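Observations on the model geometry
The residues making up each chain are set out below.
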Amino acid sequence: MRHTKKYKVQTAVRIIVLWLFALICLAPFYVAICYAFKSKTEFAKTKLAFPTTLYLQNFVDAFELKNYFNSVKNSAIVAICVVILIVVICSMSAYIITRKNNKFYNFIFYFFQMVILIPFQTIMFPLYRELYSLHALSTLWGLIFTELGVYMGYYIFLYAGFIKSVPIALEEAARIDGCDRYQVFIRIVFPLLKPITMTVVVLCFLASWNDFFLPLIMVQKDEVKTLPLMQFFFFGEYTSNINLAFAASILSMIPAVAVYFCAQKYIVAGMTAGAVKS
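In this convention, every chain numbers its residues from 1, walking through the sequence in written order. Owing to the predicted nature of the model, reporting of local features is limited to residues with pLDDT of at least 70; listing and counting of side-chain atom pairs is limited to 80 or more, with chain, interface and lining totals taken over all residues. Working from all heavy atoms in the structure, the side-chain values ignore hydrogens and water.

Things to note about a nonpolar patch on the surface
Formally: Only residues whose relative accessible area exceeds 30% and that take part in no salt bridge are eligible for patches, with like-charged residues grouped when within 9 Å of each other and nonpolar side chains (Val, Leu, Ile, Met, Phe, Trp, Tyr) grouped when within 5 Å. Accessible surface is estimated by sampling points in the Shrake-Rupley manner with a 1.4 Å probe; for residues, cover comes only from the protein chains shown. What counts as a salt bridge is simple: a side-chain nitrogen of Lys or Arg found within 4 Å of a carboxyl oxygen of Asp or Glu. Put simply, DSSP H or I for four residues or longer makes a helix, DSSP E for two residues or longer makes a strand, and each gets a number counted from the N terminus.
The grouping of L26, F29, M253, V257, Y260 and F261 at the surface amounts to a nonpolar patch, some 560 Å² of accessible area in total. Secondary structure elements with two or more residues in the nonpolar patch: α1 (2–36) and α13 (242–269). Residue position: M253 is located in helix α13.

Structure representation (structure tokens):
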């Protein structure tokens, strides 16, 4: 009886803690929804109370903002290009590093990991000067390759850890059947990397889509600004339009949420699928 009561108390405490943690995580979304669907008059009266009526004009005004759709297009171009380059380059790099496994390739692997440990602030000004000399400032291609260099080390690390679990026997069998190294990777290894590839796609897309610091440094022209930089439009030195800002923020969240839910089944259900074959 004592053990049963103790177990029930522990379960109740655990559930309460989990609910509190969930509420803390969901609080920012609640605030965003409340602010986005309130008019200025209702916002002035009630800050955190749920809106009595859904005021949709904030979303209409967000769509009508100058350069809003252009910013969405720029963010989409940068995010999609970075994701494609990351998947192609990092998967191939991690594969050759993992399979060669000698001193040279181990040095290359640890070199990429050292890049992760270097704070971006230490290379910010040298990077700016280098991009200026290459005429890459305020260009989408310059921003794409900068994000590629910043993110590459982390995703090579993820790919390398997963490729180690792929049996070499599968590659040896493909070699016997006449496949060269490139065919082995494309036809045998890369399809087995679907779980980690979908994870990389989601993480990389979210990182690139929501990136604010790199575009802030590199992009000065309005026609090449990304969506996070566009949020600066709502906050001036003496004025701010919080309701419109949150409405635009919710709209900018839609592509990221859609990408996550489309890839969620591959991440959750297929994390171990195909990793071990016999």
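Description of the pattern of salt bridges
Side-chain pairs of opposite charge can arise whenever the charged atoms involved come near each other. Just so we agree on the cut-off: Think of it in three bands: residues with accessible area under 20% of the maximum for their type are buried, residues over 50% are exposed, and the middle band is partly exposed, with areas taken using a 1.4 Å probe on protein chains only.
Using the criterion set out here, one finds two salt bridges in the structure. Residue D222 is joined to K225 by a salt bridge in which the shortest nitrogen-to-oxygen separation is 3.2 Å. A relative accessible area of 24% means that K225 is categorised as partly exposed.

Some words on the packing of aromatic side chains
Remark: the centre distance and the inter-plane angle together describe each pair of aromatic rings, the angle taken between the planes. Heads up, the rule is: Two rings belonging to Phe, Tyr or Trp (six-membered ring only in the last case) form a pair when the distance between their centres is within 6.5 Å. Interplanar angles under 30 degrees mark stacking, angles over 60 mark edge-to-face geometry, and anything in between is tilted. A ring has a charge above it when a Lys NZ or an Arg CZ is no more than 6 Å from the ring centre and no more than 35 degrees off the ring normal.
Applying the stated criterion across every chain yields a total of 11 aromatic pairs. Taken together, a centroid distance of 4.9 Å and an interplanar angle of 50° make the contact between F37 and F59 tilted. Highlighted residues: F37 in the loop between α1 and α2 (40–45) and F59 in helix α3 (residues 57–63), separated in sequence by 22 residues. In this pair, the class of F37 matches that of F59, namely buried. Members of the aromatic cluster, joined through ring pairs, are Y95, F185 and F190. The ring of F109 carries K164 above its face, with NZ or CZ at 6.0 Å from the centroid.

Let's talk about the nonpolar core
Soluble globular proteins tend to pack their nonpolar side chains together in the buried interior. Put simply, the test is: Among the buried residues, those of types Ala, Val, Leu, Ile, Met, Phe, Trp, Tyr and Cys that are joined through side-chain atoms within 4.5 Å form a nonpolar core. Residues are treated as being in contact if the distance between any of their heavy atoms lies within 4.5 Å.
Counting 64 residues, the largest nonpolar core has I86, Y155, I156, Y159, L193 and V200 as the members making the most contacts within it. Ranked by residues supplied to this core, first place goes to helix α7 (residues 140–163) with 13 residues. Ignoring anything within four residues of it in the chain, the contact list for I86 reads S91, L148, Y151, M152, Y155, V200 and C204.

What about helix α4 (residues 68–100)?
Formally: Between the first and last residue of a helix there are one fewer steps than residues, each counted as 1.5 Å, and that sum is the expected span.
Taking 1.5 Å per residue as the helical rise, α4 with its 33 residues ought to reach 48 Å, and the 47 Å between its terminal C-alpha atoms agrees with that figure. Of the residues flanking the end of α4, it is N101, one or two places downstream, whose phi is positive at about 50°.

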